[in-house]
Amino acid sequence: MGRARLARLHGIATSYEPSPGRSVQITGDTVVAVLAALGVDASTPQAVRSALAAYEDRAARALLPRTVVARPGRPPGLAHLPEGTVLRVETESGTAVEGLAASGPVALARLPLGVHVLHARAPDGRAAGAPLIVAPDRVPAPPGRCHGFLVQLYSLLSRQSWGMGDLGDLADLAAWSGRALGTGFLQLNPLHAAVPGPPTDPSPYRPSSRRFPDPVHLWIEDIPEYARLTGAARLRADELAARARALRTGVLDGGALIDRDAVWALKREALELMCAVPLTPGRRAAYCDFLAEQGEALEDHATWCAIAERHGPHWRGWPGGLSDPRSPATARLRPRLLDRIDFHSRLVWLTDQQLAAAQRAAREAGMGIGLVHDLAVGVHPSGADTWAQQDAFAAGMSVGAPPDAFNSRGQDWGLPPWRPDVLAAAGHAPYRELLRGMLRHAGALRIDHVMGLFRLWWVPEGRPPTEGAYVRYDGEAMLSVLALEAHRAGAAVIGEDLGTVGPGVRAALAERGVLGTSVLWFERDYGGGEGGGEDGEAGPEAAAEPASASEPAAEAAAQPTPASAPAPLARILAPDEWRSACLATVTTHDLPPTAARLTGEDVALRERLGLLAGPPERERSRARSERTEWLRELVRRGLLPEGAADEEAAVRAVHRFLLRTPARMVGARRGGGPAPAEPPRNVAGVPELAPSDRRPRRPSVHPGGAGRLPPPARADA
């Protein structure tokens, strides 16, 4: 009982429900391992007693929680303060609010929005300080109802790209679609910095850093120093451009796969040439301002990149104390790597400039939102972020998903989780800084696995996903930080809330204005009412498909496997039954294309990949039933006048269905129309389909010919 109580005090659940009414206890070894990752020794009964005593002693002496959260009309809960305690606030602007007493908590909620410091002094002489986050009630709402494209940037290549889509292509798509189609947003795949290769880690959902973008997306010719190359450097740059043309032609005209590593090798050499060109005074001043603004975070990131060039990206194996960013050895090495640190810092700056230009192009084209950036749920265990912020990550742990009715093995995504205790003690500064960076040039932010703001399934290293445990985060604080940073950026927020969602999570997200994610195939009446699933329910995705593969799972989720015939399908929700506070799509980047779904080719694809949960004929029967039901529904509603046999018309019809829903945002996957059997981009447990994302979406150029402008994209799958 003592160990279970200790676990609960530290936010560790000692049981979970894989299905309604069924509870599974967490093993004692798992509880001990997770507590150890939080710095708590529970290995013996005496250790448990000592840890409990230490916790209770700290709680008795503490005047303030580690982080205090307030919002308008909702003062923080400080009723435990001794009578006569005096509060003082240092605001982030540098002013002081003195002498707050009994009415202090109410007054705190009236302070300006921001991250302040709260000081408390009790009559008995005890004193304490804590970060005070004063946040708005809600994140900004999208400016009216709008539609947009879901874009995998790598595949957006034009006749000017260096073998894969770049930020110039993105800016052109924004400029064209905003003006020609009235598009309101472009949702992107994560553009986080990847773990370098070769081979580069293929998944954008397992990056080296979420704090900085990947320079592989740079539009090389747009960099001013490119035009200023002369002599041998100019000749070499022209040779690199010719090789890039060959890569591009192979993809566009020869059916070749996108080769990210080959593209990066060419771009990197070109960037080396450009970085040898002195910046003009104005650009030098802008670069210096950027370095000052980004501070230690960028210096650490660039230092990791420079050391990784020498010793490889896996920092835990670096020699001589270099695994510690604050060690004397690292401090001695930094000056010797100054040129390489500057090179990698320059690349971040150049990428930031082009991201700003793309968002500017979107807004100038009339987009109400513009770019929607995607925040992955975690980072690579050996990447730059885990090196620079080691204290913030739980050593020896990985994020995943527990076993449930659809996946008896659970999932291990290979991503180290943040420690909730360290986040709280730091006023959630790592999270705040991450959000601020992501929102620099965004009109909205999509948060992958948004349920992770409340709890995450931790899997101890070396154990199967079945032997994990849920660890709780301070959801109110995480949402308040999100609301504050979104408010400052004027950006909307979309949460990917597919799958099993904990009790109260969807209600809390909705109350703070965070939009959900609704996928057409999953919007059925599962007995929970409104589409998207109710709190504590297995959401629509879990009821029909593998768990969302946007989390780079090590194990593939499975569909329900009835003993004989397919279970009856739940009723399709009518358009007016959908929730309005959502981004509505037909499919996602990690599911089969719509055309495949409407022809039945998705079953053949999953069979080829070994992802079928049951006998192929049963899966084909279920798919036929679902397909027939949907085609009848579309015809009945007058959305498919061409008839069910017309595949392209059916693709258009499902998007017309979306437009009849009240969804605030409606998204269509951008592309020229993939073949029905084209694989999805990020299937859990299938490494060969993890997004190296080498498959273009039938890239082509604008009918006008040679420009960068992308083609009018069919709103397909």
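You'll find the structure just up there.
Presented here is an overview of the structure given in this document. Because the structure is predicted, anything quoted here is derived from the model rather than measured.

Here is what the cut-offs are and how they apply
Residues numbered from 1 in each chain as written. Predicted model: local features only at pLDDT ≥ 70, side-chain atom pairs only at ≥ 80, totals over all residues. Heavy atoms only, no water. Helix = DSSP H or I, 4+ residues; strand = E, 2+ residues; numbered from the N terminus. Buried < 20%, exposed > 50% of the residue type's maximum accessible area, 1.4 Å probe, protein only. Contact = heavy atoms within 4.5 Å. Areas by Shrake-Rupley, 256 points an atom, 1.4 Å probe, with all protein chains shown as cover. Pairing = 2+ DSSP bridges. Axes fitted to C-alpha atoms, helices over the stretch in contact; angles between N-to-C directions. Phe/Tyr/Trp six-rings, centres within 6.5 Å; stacked < 30°, edge-to-face > 60°. Lys NZ or Arg CZ within 6 Å of the ring centre and 35° of its normal. Salt bridge = Lys/Arg side-chain N within 4 Å of Asp/Glu carboxyl O. Parallel < 35°, antiparallel > 145°, perpendicular 65-115°, else oblique. Left-handed = near helix turned anticlockwise from the far one by under 90°. Nonpolar A, V, L, I, M, F, W, Y, C, P; charged D, E, K, R; others polar.

We now examine the overall build of the protein chain. For the protein chain, the count of helices and strands is 21 helices and 23 strands. Relative to its 717 residues, the protein chain shows a buried fraction of 57%. For the protein chain, the proportion of contacts with a sequence separation of at least 24, taken over those separated by at least 6, is 73%. Total accessible area on the protein chain stands at roughly 27,500 Å², and carbon and sulfur atoms take up 54% of it.

On to the sheet that holds strand S15 (residues 444-447), then. Strand order in this open sheet of 8 strands is S18-S15-S12-S9-S8-S23-S22-S19, and the pairing throughout is parallel. With partners counted over all chains shown, the strands left at the sheet margins are strand S18 (492-495) and strand S19 (516-519), one partner each. Strand-to-strand twist of the sheet, defined as the mean angle between neighbouring strand axes without regard to direction, takes the value 25°. Pairing of S15 with S18 involves 4 bridges; the strand directions are parallel. Within S18, the position partnered with arginine 446 by the bridge is isoleucine 494. Strands in contact with helix H5 (residues 167-181) are strand S8 (146-151), strand S9 (185-188) and strand S12 (370-375); relative to S9, the strand with the most contacts, it is inclined by about 145°. Each of strand S22 (582-585) and strand S23 (665-669) touches helix H21 (residues 647-660); the most contacted strand, S23, lies at about 165° to it.

Here we take up the packing of aromatic side chains. Enumeration over the complete set of coordinates arrives at 10 aromatic pairs. Summarising the aromatic geometry, the rings of tryptophan 418 and tyrosine 431 are spaced 6.1 Å apart at their centres and angled 80° between planes, so their arrangement reads as edge-to-face. Pair noted here: tryptophan 418 is in the loop between strand S14 (411-415) and helix H13 (420-425) and tyrosine 431 is in helix H14 (residues 429-438), with a separation of 13 residues, a long-range link. Residue tryptophan 418 shares its accessibility class with tyrosine 431, and that shared class is buried. Among the aromatic residues, ring-to-ring pairing joins Trp521, Trp578, Trp630 and Phe657 into one connected group. The residue whose ring lies beneath arginine 234 is tyrosine 226, and the NZ or CZ to ring-centre distance is 4.6 Å.

In total, this model carries 49 salt bridges according to the counting rule given. The shortest N-O distance in the salt bridge between arginine 71 and glutamate 476 comes to 3.1 Å. Placement of arginine 71 in the loop between strand S3 (68-70) and strand S4 (86-90) and of glutamate 476 in helix H15 (residues 475-489) is noted, with a sequence separation of 405 residues between them. Glutamate 476 gets classed as partly exposed once you look at its relative accessible area, which sits at 34%. What emerges from the salt-bridge pattern is a single network uniting Arg71, Arg74, Asp137, Glu476, Glu511 and Arg512.

So, on to the packing of helix H1 (residues 2-9) against helix H2 (residues 28-37). As a packed pair, H1 and H2 sit with axes 11 Å apart at the nearest point and diverge in direction by 40°. If you check the angle between H1 and H2, you find them oblique. The handedness of the crossing between H1 and H2 comes out as left-handed. The residues of H2 that touch H1, namely those facing Arg3, Leu6 and Ala7, are Gly28, Val31, Val32 and Leu35. Broken down by class, the residue content of the contact of H1 with H2 amounts to 5 nonpolar, 1 polar and 1 charged.

Our next topic: unusual backbone geometry. Residues glycine 197 and proline 198 are joined by a peptide bond in cis, for which omega reads 5°. Within the secondary structure layout, proline 198 lies in the loop between strand S10 (192-193) and strand S11 (209-213). Geometrically, the link from proline 198 to proline 199 is a cis peptide bond, its omega value of -10° lying close to zero. Of note, proline 199 is situated in the loop between S10 and S11. Of note in this structure, histidine 428 is not a glycine but carries a positive phi near 60°.

What follows concerns the sheet that holds strand S5 (residues 96-100). Ordered in space as S3-S7-S6-S4-S5, the 5 strands form an open sheet in which the pairing is mixed. Both outer strands of the open sheet, S3 and S5, are each paired with one neighbouring strand and no more. Going across the sheet, the axis of each strand differs from the next one's by a mean of 25°, ignoring polarity. Sheet topology places strand S6 (residues 114-121) next to strand S7 (residues 127-134); 8 bridges connect them, and they run antiparallel. Paired with valine 115 across the strands is isoleucine 133, a residue of S7.

The next thing to look at is the pairing of strand S1 (residues 15-19). Strand direction decides the pairing type here: S1 and strand S2 (residues 22-25), joined by 3 bridges, are antiparallel. Residue pairing in the sheet places serine 15 in a bridge with glutamine 25 of S2. What sits between S1 and S2 in their antiparallel hairpin is a turn of 2 residues, with glycine 21 showing a positive phi close to 85°.

Okay, the side chain of arginine 512 next. Inspection of the secondary structure puts arginine 512 in the loop between helix H16 (505-511) and S19. Setting aside its immediate chain neighbours within four residues, arginine 512 contacts Arg71, Ala135, Pro136, Asp137, Arg138, Val139, Glu476, Leu479, Ser480 and Ala483.

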